[in-house]
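Listed below are the residues making up each chain.
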Amino acid sequence: MCEQQNEFVSVVKKEQPKLLRYVRQKLIGISDMDAEDIVADVLFNVYNRITTDNQVENLAAYLYQSVKHKIWDRFRQRETPLSLNALDKDTGLPWGENLIDLASDVASQVEKKEFILRVKSALLQLDPKQRAVWMATELDGYSFKELSIKWGEPIGTLLSRKSRATQALRKLLQEE
């Protein structure tokens, strides 16, 4: 078993750069990190396979075949995993950098969460019809015309419900 592990190490040293090139050729546009992840996953699985007393005759060929299958697995996935190194089309920055908000601080995040809780609490105190109109127009993006058709209510009624709901929300939020 030790002999097979030594062979594995020597084959990996020789073949790893070639395996990375192979993955990059087959998956055009893949980030370097994703290619390395695919190769590392295959190497890990193959190493575990040879340490369980399974003999592999041609280790290099087995590695290439395993990488090929891993690439096919990636194609079979319904959604391609998002790489944190992939560039965002809007900002041109890697996705990982978009996740970090350097300008935010803990206090402002806590304040936002508290405000959201206060708004939810105030919404629950509204009349159900007023709450429904306010949430449909403000949160779900419906127009009054769409709601009028959907609910079979006159537009004027919906407008007055929303107006009353907005006034009640302001009052409830000011009290808190």
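What comes next concerns the included structure.

Thresholds applied
Residues numbered from 1 in each chain as written. Predicted model: local features only at pLDDT ≥ 70, side-chain atom pairs only at ≥ 80, totals over all residues. Heavy atoms only, no water. Helix = DSSP H or I, 4+ residues; strand = E, 2+ residues; numbered from the N terminus. Expected span 1.5 Å × (residues − 1). Buried < 20%, exposed > 50% of the residue type's maximum accessible area, 1.4 Å probe, protein only. Arc of directions from axis to C-beta. Contact = heavy atoms within 4.5 Å. Salt bridge = Lys/Arg side-chain N within 4 Å of Asp/Glu carboxyl O. Phe/Tyr/Trp six-rings, centres within 6.5 Å; stacked < 30°, edge-to-face > 60°. Axes fitted to C-alpha atoms, helices over the stretch in contact; angles between N-to-C directions. Parallel < 35°, antiparallel > 145°, perpendicular 65-115°, else oblique. Left-handed = near helix turned anticlockwise from the far one by under 90°. Nonpolar A, V, L, I, M, F, W, Y, C, P; charged D, E, K, R; others polar.

Turning to helix 8 (residues 155-175), a few remarks are in order. Its 21 residues give helix 8 an end-to-end C-alpha distance of 30 Å, which sits within 8% of 30 Å, the value for a rise of 1.5 Å per residue. For helix 8, every residue scored as buried is listed here: Leu158, Arg161, Lys162, Ala165, Leu169, Leu172 and Leu173. End-on view of helix 8: buried residues confined to an arc of 95°, all on one side of the axis. Among the exposed residues of helix 8, those oriented more than 90 degrees off its buried face are Gln167, Arg170, Lys171, Gln174 and Glu175. Packed against the buried residues of helix 8 are helix 5 (106-124), helix 6 (128-138) and helix 7 (144-151).

Moving on to the side chain of Lys162. Locating Lys162 in the fold gives a position in helix 8. In contact with Lys162, not counting residues within four places along its chain, are Val133, Trp134, Thr137, Glu138 and Phe144.

Our focus in this paragraph is the pattern of salt bridges. For the structure shown, the criterion picks out 4 salt bridges. With a shortest N-O distance of 2.3 Å, Asp41 and Lys70 are connected by a salt bridge. Highlighted residues: Asp41 in helix 2 (residues 32-50) and Lys70 in helix 3 (residues 59-76), separated in sequence by 29 residues. A relative accessible area of 27% places Asp41 in the partly exposed class.

Moving on: the environment of Lys18. When you line up the elements, Lys18 lands in helix 1 (residues 2-26). For the pair Lys18 and Tyr64, spaced 46 residues apart in the sequence, the C-alpha separation amounts to 9.4 Å.

Tallied over the full model, the rule gives 2 aromatic pairs. When the ring of Phe8 is compared with that of Tyr47, the centres are 5.3 Å apart and the planes differ by 55°; the resulting orientation is tilted. Of this pair, Phe8 sits in helix 1 while Tyr47 sits in helix 2; the two residues are 39 residues apart in sequence, bridging distant segments of the chain. We classify Tyr47 as partly exposed; its relative accessible area is 32%. For the pair Tyr22 and Tyr64, a centre-to-centre distance of 5.7 Å together with 85° between the ring planes defines the contact as edge-to-face. Here Tyr64 lies in helix 3 and Tyr22 lies in helix 1, a separation of 42 residues in the sequence. Owing to a relative accessible area of 24%, Tyr64 belongs among the partly exposed residues under this scheme.

Our next topic: the packing of helix 7 against helix 8. Running from N to C, helix 7 and helix 8 point in directions that differ by 115°, and their axes come no closer than 9 Å. The angle between helix 7 and helix 8 places the two elements in the roughly perpendicular class. Crossing handedness for the pair helix 7 and helix 8: right-handed. Facing Phe144, Lys145, Leu147, Ser148 and Trp151 of helix 7, the residues of helix 8 in contact are Ile155, Leu158, Leu159 and Lys162. Residues of the contact of helix 7 with helix 8, tallied by class, amount to 6 nonpolar, 1 polar and 2 charged.

The axes of two packed helices give the description: the angle between them and the distance between them. One way to put it is that helix 1 packs onto helix 2 with a least axis distance of 10 Å and a crossing angle of 155°. The orientation of helix 1 with respect to helix 2, classified from their angle, is roughly antiparallel. In this structure, the crossing between helix 1 and helix 2 has a hand that is right-handed. Contacts between helix 1 and helix 2 involve Gln4, Gln5, Phe8, Val12, Gln16, Leu19, Leu20, Val23 and Arg24 from the first element and Asp32, Ala35, Glu36, Ile38, Val39, Leu43, Val46, Tyr47 and Ile50 from the second. Counted by class, the contact of helix 1 with helix 2 contains 12 nonpolar, 3 polar and 3 charged residues.

Read these as geometric descriptors, not functional statements.
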